[in-house]
Amino acid sequence: MMFTKSLGFAALFTTIASALPQDMMVRRQGMVRRDGGGVKITNNLQQDVYAWSVAGDVGPMQTITSSGGTYSETWRTNPNGGGISIKLALDPDQNDVLQFEYTEAGDTIFWDMSCIDMQAGDNKFTELGFSVVPSDETSTCPKAICKAGDTACSAAYLQPTDDHATHGCPIDTALELTLGQAA
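Only a predicted model underlies this, so the values are computations on that prediction, with no experimental measurement involved.

## Quick look at the nonpolar core
Core analysis: the largest hydrophobic core is formed by 34 residues, its most contacted members being Leu-88, Phe-100, Phe-130, Leu-177 and Leu-179. Once residues within four sequence positions are removed from consideration, Leu-88 is found in contact with Ile-41, Val-49, Tyr-50, Ala-51, Ile-64, Asp-96, Val-97, Leu-98, Phe-125, Leu-177 and Leu-179.

Here's what the structure looks like:
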């Protein structure tokens, strides 16, 4: 009898779960992921870029190959309540780091680009520029463009107090971060 009730509850749960919207949150590895939005990073530099997605822990190093390689990540939450930082470096030792940072807050994703951990001057990220644009051109989500050579780009954090560089978008927004000029 207990087995029959358990099987009935399982069937009921499956029916309810299949009726939920597809953008409901899914739990994986202690983090909450939300389908629909995320970031795609394209490397148009002539050298590989190394990426680490950091929440409570540092994720494994990913290599974004030169001349068009990509890395994608769906929006997720940090189990400790903080944000997520995708750290980008030109060497695997994480020196001279450009960061794409984001935090989910209900139906909004807040994001920014940070140059705080980059050395001023001789840096390929600022030398060749980078941009973040929503994949949907009609989106109300703002762009952040740092043109080639702009070492004082106001679209990115240069100091910890540059809060004007934080942007908010609907949670289902897909953003495209491009490193260097388009090929």
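## A closer look at the environment of Phe-100
With respect to the secondary-structure elements, Phe-100 resides in strand S7 (residues 98-105). Accessibility expressed as a relative area gives 0% for Phe-100, which makes it buried. Sequence separation between Phe-100 and Val-39 is 61 residues; the distance between their C-alpha atoms is 9.2 Å. When sequence neighbours within four positions are dropped, the list of residues in contact with Phe-100 reads Val-39, Trp-75, Ile-84, Ser-85, Ile-86, Trp-111, Asp-112, Met-113, Val-132, Leu-175 and Leu-177.

## Details of the state of the cysteines
The tally for this structure, following the rule as stated, stands at 2 disulfides. Across the disulfide from Cys-141 sits Cys-169; the S-S distance is 1.8 Å. On the sign convention where negative is left-handed, the bridge of Cys-141 and Cys-169, at about 55° about the S-S bond, is right-handed. Here Cys-141 is found in the loop between strand S9 (130-134) and strand S10 (144-146), whereas its partner Cys-169 is found in strand S11 (residues 167-170), with 28 residues between them in sequence. Across this residue pair, the class does not change: Cys-141 and Cys-169 are buried. Here Cys-146 pairs with Cys-153 through a disulfide, and the sulfurs are 2.1 Å apart. Sign of the S-S torsion, about -85° for the bond between Cys-146 and Cys-153, identifies this disulfide as left-handed. With respect to class, Cys-146 is no different from Cys-153; both count as buried. When the bonded cysteines of the protein chain are numbered from the N-terminus onward, they pair as 1-4, 2-3.

Conventions used here
- Residues numbered from 1 in each chain as written.
- Predicted model: local features only at pLDDT ≥ 70, side-chain atom pairs only at ≥ 80, totals over all residues.
- Heavy atoms only, no water.
- Core = buried A, V, L, I, M, F, W, Y, C linked by side-chain atoms within 4.5 Å.
- Buried < 20%, exposed > 50% of the residue type's maximum accessible area, 1.4 Å probe, protein only.
- Contact = heavy atoms within 4.5 Å.
- Helix = DSSP H or I, 4+ residues; strand = E, 2+ residues; numbered from the N terminus.
- Disulfide = S-S within 2.5 Å.

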